[in-house]
Amino acid sequence: MEYSVKSGTPEKQHSGCLAVGVYTGNKLSDAAQQLDEVTGGAIKQILRRGDHGGKPGQTLLVHNLPHSPSERVLLVGCGKEKEFHEPRYREVTAAAIGALKNTGATEVTSYLTDLDVKGRDVLWKLRHAVEVTEAALYRFDRLKKKNGEDENRRALKRMILAVGSRSDLQPGELAVKEGLAIAAGMRLAKDLGNLPPNICTPAYLAEQAVELARQYGLKSTVLEEAQMRELNMGALLSVARGSHQPPRLIVLEYRGGAEHEAPIALVGKGVTFDTGGISIKPAANMDEMKFDMCGAASVLGAIKATAELKLPLNVVGVIPATENMPGGQASRPGDVITSMSGQTVEILNTDAEGRLILCDALTYAGRFNPALVIDIATLTGACVVALGGHASGLFANNDQLARELLNAGKYTWDRAWQLPLWEDYQKGLDSNFADMANVSGGRDAGAIIGASFLARYTKDYKWAHLDIAGTAWKTGKEKGATGRPVPMLTQFLIDRARKESAPSE
Ligand code: BES
Ligand code: MN
Ligand code: ZN
């Protein structure tokens, strides 16, 4: 989709379609009001006849309104004006696209961007308009024989985003640029997540990372098994043992900042399929364990967005990629392995494999002397139980870092919720035979125990852990990767870049 920003009132627009909001209680938005006046009350009449009640997401397409130079007008229900907040704005924008993609309109001039969202400015509204629109148009049909659109259908190609005044044009343009970069990062993350596990293997992930590096002139390094052995990555290798697919450790370096500036490290769990290994998972929904590399995909997505925006930062992505399979060489419950850090781990459950591959990747990330490290992982089912699909679990050994991530999540509506990382939880990982076990005995506080394991490998730097088990994909009829938390991560980096380039206080 192509986007442009325009100021000007709706009744003067020559557009294929105008999208305007109407609230419940026959209350018109400013744009709808202006159209109503010039069309001799046509819109109020529609509401009075009961053809549109203003319910959130309800749409009605009207043709040839008198005295309007636009071909169509789409009335979009916005609910109660008083309740028009962030999620409503996003819902309404998506509903408009949903209605228009099945019409002949090839362009839309949206006045939904001119609606008041409490506490949010033009930049926010246009950013979300672009992100929501791109998400509504996303489709993963490359593996279907008859893919693509119905040839007779004229697809929506252009979106003109209306703003209130000329001074809004500049923030509007920035919003489009940032929105498109984030949407491109999300698309990459979704595509990789949605690809089946027989295609999206560790080697495939590495190829995609190398391709990304080629596109944007990044440095890429891909370590293979022999190099992992040299580095003593016993934890990562113990997970890979059960699979015929060889593991990869993927490293991408984006250098937009000063040469000697410490990089921000993003570490993403890349289990391309998680059977559980010898501690095998039940059959129901096991296909969804192809999404167990969504942390890795979000790292690639965030780096893509960062490179698109040319942010003045140094960012390094580290992705341990492997399958978790129950082969003849697979790790057994009871095995003790030595991680790259030198700490030993008793593997009591081979299904707690994410923390094993991450601990070595986190140790490896330390080699870059990072300013901070964020790992992103579909780590625990317990996190889904705790927070569902709305918030990612956030853990951090630094409060300032946690706050920055929480704020980035709020701004992008890709939210996280912080859980404790208290020392008290550490004894859950005690082992009689090694420095630690990879699971605790019981089912209590599973997400925190997972994070507590990682905390033992991240003492040397500022670190945050995002458990995205509930947010990275949707199940059921809408099954598919969400592209989260690319928006949160990218916003975090945008905010950091703004701070860096601002004159010091
Ligand atoms: N990839 C899973 C976590 C997961 C499970 C994410 C279900 C989303 C939905 C992870 O590797 C795993 O299996 N974790 C175990 C940990 C347990 C053995 C301590 C889990 O959550 O059951
Ligand atoms: Mn597992
Ligand atoms: Zn897993």
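It should be noted that the structure appears before, not after, this text.
Residues numbered from 1 in each chain as written. Chains lettered and ligands numbered in written order. Predicted model: local features only at pLDDT ≥ 70, side-chain atom pairs only at ≥ 80, totals over all residues. Heavy atoms only, no water.

**Student:** Report on the coordination of the manganese ion (ligand 2), specifying residues and quantitative values.
**Tutor:** On the protein side, the manganese ion (ligand 2) has D274 (OD), D351 (O), D351 (OD) and E353 (OE) as donor atoms, found 2.0 to 2.2 Å from it. Each of the six donor atoms bound to the manganese ion (ligand 2) contributes to angles spanning 70 to 168°, and the resulting shape is irregular. All donors of the manganese ion (ligand 2) belong to a single chain; written as a sequence motif, their spacing is D-x76-D-x1-E. Taken as a pair, the manganese ion (ligand 2) and the zinc ion (ligand 3) show a spacing of 3.2 Å, with D274 coordinating each metal. Taken as a pair, D274 in strand β11 (residues 270-274) and D351 in the loop between β14 (344-346) and α10 (354-365) lie far apart in primary sequence, 77 residues in all. Accessibility expressed as a relative area gives 3% for D274, which makes it buried. (Donors = N, O, S within 2.8 Å, 3.2 Å for Na, K, Ca; no water. Tetrahedral: all angles 85-135°; square planar, octahedral: opposite > 155°, others 65-115°. Helix = DSSP H or I, 4+ residues; strand = E, 2+ residues; numbered from the N terminus. Buried < 20%, exposed > 50% of the residue type's maximum accessible area, 1.4 Å probe, protein only.)

**Student:** Explain the nonpolar core to me, using residue names and the numbers behind them.
**Tutor:** Nonpolar side chains tend to gather and get buried jointly when the protein is soluble and globular. The biggest cluster of nonpolar side chains holds 64 residues, and the ones touching the most others in it are L192, L266, I374, L466 and F492. A per-element tally of this core places helix α9 (residues 294-309) first, with ten residues. The residues touching I374, leaving out its near neighbours within four places in the chain, are A265, L266, V267, L405, A464, L466, L489 and F492. Core analysis: the second largest hydrophobic core is formed by 39 residues, L223, L356, C359 and Y457 among them. (Core = buried A, V, L, I, M, F, W, Y, C linked by side-chain atoms within 4.5 Å. Contact = heavy atoms within 4.5 Å.)

**Student:** Just give me the short version of empty space enclosed by the protein, but keep the residues and values in it.
**Tutor:** Under the definition given, this model contains three cavities of 30 Å³ or more. Of the volumes computed, that of the largest cavity is approximately 80 Å³. As for the largest cavity, its lining consists of 13 residues, of which S238, V239, N324, S331 and T350 are closest to the centre. Its residues assigned to classes, the lining of the largest cavity shows six nonpolar, six polar and one charged. Considered as a void within the structure, the second largest cavity measures approximately 60 Å³ in volume. Taken together, E131, E134, A135, Y138, A183, M186, R187 and K190 make up the lining of the second largest cavity. Elements with a minimum of two residues in the lining of the second largest cavity: α4 (122-137) and α5 (169-194). Per-element accounting of the lining of the second largest cavity gives the leading share, four residues, to α5. (1 Å grid on protein atoms, 1.4 Å probe; cavity = no way out; pocket = protein on both sides within 12 Å on 5 of 7 lines; lining within 4 Å. Points joined across faces, edges and corners; volume = space filled by probe spheres on them. Nonpolar A, V, L, I, M, F, W, Y, C, P; charged D, E, K, R; others polar.)

**Student:** Which residues make up the pattern of salt bridges, and what values go with them?
**Tutor:** Counting across every chain of the model gives 27 salt bridges. Note that E91 and R88 form a salt bridge whose closest N and O atoms lie 3.4 Å from each other. Taken together, the residues span about one helical turn, with E91 and R88 both in helix α3 (residues 86-100) at a distance of three residues. Classification of R88 by relative accessible area gives buried; the value is 17%. Here the salt bridges do not stand alone but share partners, grouping R127, E131, E178 and R498 into one network. (Salt bridge = Lys/Arg side-chain N within 4 Å of Asp/Glu carboxyl O.)

**Student:** Residues and numbers for the site of ligand 1, please.
**Tutor:** Near ligand 1 there are 16 residues, and of these K281, D292, D351, E353 and G381 occur at the shortest range. Contact between ligand 1 and D274: an oxygen atom at 2.9 Å from a side-chain N or O atom of the residue. One nitrogen or oxygen atom from the side chain of D292 is found 2.8 Å from a nitrogen atom belonging to ligand 1. Calculation on ligand 1 without its partners gives an accessible area of 500 Å², and the protein chains cover 76% of this total. (Near = heavy atom within 4 Å. Polar contact = N/O pair within 3.5 Å; in protein donor to acceptor, adjacent residues only side chain to side chain. Areas by Shrake-Rupley, 256 points an atom, 1.4 Å probe, with all protein chains shown as cover.)

**Student:** How would you explain the environment of A437 if you had to name every residue and give the values?
**Tutor:** Note on placement: A437 falls in strand β18 (residues 436-437). What makes A437 buried here is its relative accessible area of 0%. In this structure the C-alpha to C-alpha distance between A437 and F273, which are 164 residues apart in sequence, comes to 23 Å. Those residues in contact with A437 that sit more than four places away from it in its chain are V345, E346, L348, L429, D430, S431 and F453.

**Student:** Quick rundown of the sheet that holds β14? Include the residues and the values.
**Tutor:** Strand pairing in a sheet is mediated by backbone hydrogen bonds. Such pairs are either parallel or antiparallel. If you trace the three strands from one edge of the open sheet to the other, you get β13-β14-β18, paired in mixed fashion. Among the strands making up the open sheet, the edge pair consists of β13 (336-338) and β18. Inspection of the sheet shows β14 paired to β18 by two bridges, in the parallel sense. Opposite E346, over in β18, you have A437 as the bridge partner. (Pairing = 2+ DSSP bridges.)

**Student:** Residues and numbers for α10, please.
**Tutor:** Under the 1.5 Å per step criterion, the end-to-end length of α10 is 16 Å for twelve residues, consistent within 8% with the ideal 16 Å. Burial runs high along α10: eleven of the twelve residues are buried. If you check which residues of α10 are buried, you get G354, R355, L356, I357, L358, C359, D360, A361, L362, Y364 and A365. (Expected span 1.5 Å × (residues − 1).)

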